[in-house]
Amino acid sequence: MSSSPANAPSPAAPDLDAFVARVLAGEQRAGARAMRLVDDRAPVAAELLRRLHPHTGKALVVGITGNPGSGKSTLTDQLVRAYRARGSKVAVVAVDPSSPFSGGAILGDRIRMSAHATDPDVFIRSVATRGHLGGLSASTFDVVQVLDAMGYSPIFLETVGVGQDEIDVVRVAHTSVVVLVPGLGDDIQAIKAGILEIADVFVVNKADRDGIERTIKDIRGLQALAAGVEGAWTPPVVRTIATRGDGVDEVIAAVEAHAAFAEASSYARDRARLRMAHVLESVVIGRLRERYAAALGDEATATARLDALLARDRDLYAEADALLAQVLADGARTDGEEEA
Ligand SMILES: Nc1nc2c(ncn2[C@@H]2O[C@H](COP(=O)(O)OP(=O)(O)OP(=O)(O)O)[C@@H](O)[C@H]2O)c(=O)[nH]1
Ligand SMILES: [Mg+2]
């Protein structure tokens, strides 16, 4: 897996040039193909991403996180509508950490079935866990890179839940919107579990339901508890009724205020650096994992290795060093091939 076979089909340089140009021109079919290549970890994917990278960093990437059914897709749909009305090219990446399907329809469904599905300036894509040894944040980042290079902005990342996987994915975003609903004590527990750390904007959706004041009070209470850092951003709390589009303009104002703050403040630059460190680490670890899996060998070889370790026939640390040496040697060889 790690060493791309020398005879693997990969577009010749002129083809790749033309292909990259089509992606950069924002052609949807070329973009979709680029994402598939990246998804399948095709031999050409690394070179493709390398060429797109200088053209990225322009998009506003907005994470939309929250418990199942909180209204993320409904809100995203409204945000897409509002940005389309301003003439922006908008992308939605639906991330489902629990789904084994890639490019699947699970989360994207509600948006895909909406009016935007036929709009050529709206790109909708799903990302799932299948086969992504680099983890979800690395694969999400790759998809975002392609969309960014294609000229989409904003790019919305819709993620289910508030667990560690989701928090990792949300780190790819510049601005994270956490969607809560009234009357869920568990929601507040989830906030304590780490969402406070990532929320740049709180949306309390379903404001047409009872208990909204209580939920807002709970969020404020948690914010007061969290030690205020000098120069830090205090996440605004916006109430919405996503089904009616109520409060959507306020969400956009809050998101853009955060983005402007992020541009200007050193605190935000530190956070951006942390985010980049996280992404860099995910990409490196992902590549190492792939090479490690290849070095471990097929199932029979791996089983024999592990049994030898279990029987103490082989030394664990010597085995680890040998595997590491092989991983690094494979890496050197693969890099050589890619440049050839
Ligand atoms: N009453 C009310 N219902 C809403 C509101 N926003 C969304 N809903 C409804 O809540 C349900 C779930 O909305 P979705 O947008 O699919 O929620 P989601 O967070 O994307 O759900 P998952 O993707 O399954 O996690 C739908 O039936 C919506 O119509 C709101 O502001 N008020
Ligand atoms: Mg949804």
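Above this text you will find the structure in question.
These figures come from a predicted structure and were not determined experimentally.

Trainee: Looking at this model, I keep getting lost on the pattern of salt bridges. Mind explaining?
Mentor: Where charged atoms from two side chains of opposite charge approach closely, those side chains can pair. Tallied over the full model, the rule gives 13 salt bridges. Where Asp-17 meets Arg-51, a salt bridge forms, and the shortest distance between an N and an O atom there is 2.4 Å. Separated by 34 residues along the polypeptide, Asp-17 in helix α1 (residues 13-24) and Arg-51 in helix α3 (residues 45-52) bring together distant segments of the chain. By relative accessible area, Asp-17 is classed as partly exposed at 44%. It is possible to trace a salt-bridge network through shared partners that takes in Asp-17, Glu-47, Arg-50 and Arg-51.

Trainee: It is not clear to me how helix α12 (residues 299-310) should be interpreted in this structure. Could you clarify?
Mentor: Residues spaced three or four apart along an α-helix point in a common direction, a consequence of the helix completing one turn every 3.6 residues. With 12 residues, α12 should reach 16 Å at 1.5 Å per residue; the first-to-last C-alpha distance of 16 Å fits that figure. Two residues or fewer past α12, Arg-312 is found with a positive phi of approximately 60°.

Trainee: Help me understand the environment of Arg-291 in this model?
Mentor: Inspection of the secondary structure puts Arg-291 in helix α11 (residues 266-296). A C-alpha to C-alpha distance of 8.7 Å links Arg-291 and Gln-326, two positions 35 residues apart in sequence.

Trainee: Even after reading the chapter, I still don't get the pairing of strand β5 (residues 175-180), so can you show me in this structure?
Mentor: Moving residue by residue along a regular strand, the side chains alternate between the two faces of the sheet. Along β5, 6 of the 6 residues are buried, which leaves the element largely enclosed by surrounding structure. Side chains Thr-175, Val-177 and Val-179 project from β5 onto one buried face, and the interleaved Ser-176, Val-178 and Leu-180 project onto a second face that is buried too. Sheet topology places β5 next to strand β6 (residues 201-204); 4 bridges connect them, and they run parallel. Directly across from Val-177, in β6, lies its bridge partner Val-201.

Here is what the cut-offs are and how they apply
- Residues numbered from 1 in each chain as written.
- Chains lettered and ligands numbered in written order.
- Predicted model: local features only at pLDDT ≥ 70, side-chain atom pairs only at ≥ 80, totals over all residues.
- Heavy atoms only, no water.
- Salt bridge = Lys/Arg side-chain N within 4 Å of Asp/Glu carboxyl O.
- Helix = DSSP H or I, 4+ residues; strand = E, 2+ residues; numbered from the N terminus.
- Buried < 20%, exposed > 50% of the residue type's maximum accessible area, 1.4 Å probe, protein only.
- Expected span 1.5 Å × (residues − 1).
- Pairing = 2+ DSSP bridges.

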